[in-house]
Amino acid sequence: MDVSKTKSSFYRRLYVAYLIDSGLASSVPALTEVTGMPRRTAQDTIAALVDLDIVCEFEQEEGARNHAGRYRIREWGAIDRGWIERNLRQIKAVLEYP
């Protein structure tokens, strides 16, 4: 499937936000396991969510060290989470994720 870098980047951000918000993968290790993307790509994608006005915050586990915790979506901005759910199959196919 021939997809532009812009579209694949946009879909990757939507999918990562969806995975975090749904609790299916709310940490970098979980994201890499679910999607197969490299750790650095997962980190960069989380950092880039702000470009879509998606507010994603890290919550440190109580008493934990070394950034143990999880990410949480606080605000979706102009993004419709329902659209992501309705188009999940297409998003995953474009990204070639399981």
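To be clear, the structure that these remarks concern was listed above.
The structure presented is a predicted model; accordingly, all values stated were derived computationally and were not measured. (Residues numbered from 1 in each chain as written. Predicted model: local features only at pLDDT ≥ 70, side-chain atom pairs only at ≥ 80, totals over all residues. Heavy atoms only, no water.)

Chemist: Honestly, helix H2 (residues 28-35) in this entry has me stumped. Any pointers?
Modeler: In an α-helix there are 3.6 residues to a turn, and that puts residues three or four apart on one side. Inspection of H2 places Val28, Leu31 and Thr35 among the buried residues, and these make up the whole buried set. Seen along its axis, H2 keeps its buried residues to an arc of 60°; they face one direction. Exposed residues pointing more than 90 degrees away from the buried face of H2 are listed as Pro29 and Glu33. For H2, the secondary structure elements touched by its buried residues are helix H1 (5-22), helix H3 (39-48) and strand S2 (69-75). Among the residues trailing H2, Gly36 stands out with phi positive, at a value near 85°. (Buried < 20%, exposed > 50% of the residue type's maximum accessible area, 1.4 Å probe, protein only. Helix = DSSP H or I, 4+ residues; strand = E, 2+ residues; numbered from the N terminus. Arc of directions from axis to C-beta. Contact = heavy atoms within 4.5 Å.)

Chemist: Whenever I open this one, unusual backbone geometry confuses me. Can you help?
Modeler: Excluding glycine, most residues fall at negative phi; most peptide bonds, likewise, are trans. Positive phi is not limited to glycine here, since Asp53 has a value of about 60°. For Asp53, the position within the fold is in the loop between H3 and strand S1 (55-60). For Glu96, which is not glycine, the phi dihedral falls at a positive 60°. With respect to the helices, strands and loops of the structure, Glu96 is situated in the segment after helix H5 (88-95).

Chemist: Would you mind going over the environment of Ser26 with me for this structure?
Modeler: Residue placement: Ser26 occurs in the loop between H1 and H2. On a C-alpha basis, the gap between Ser26 and Val16 in space is 8.8 Å, while along the polypeptide they are 10 residues apart. Apart from residues lying up to four places away in sequence, Ser26 is in contact with Ile20, Arg70 and Tyr71.

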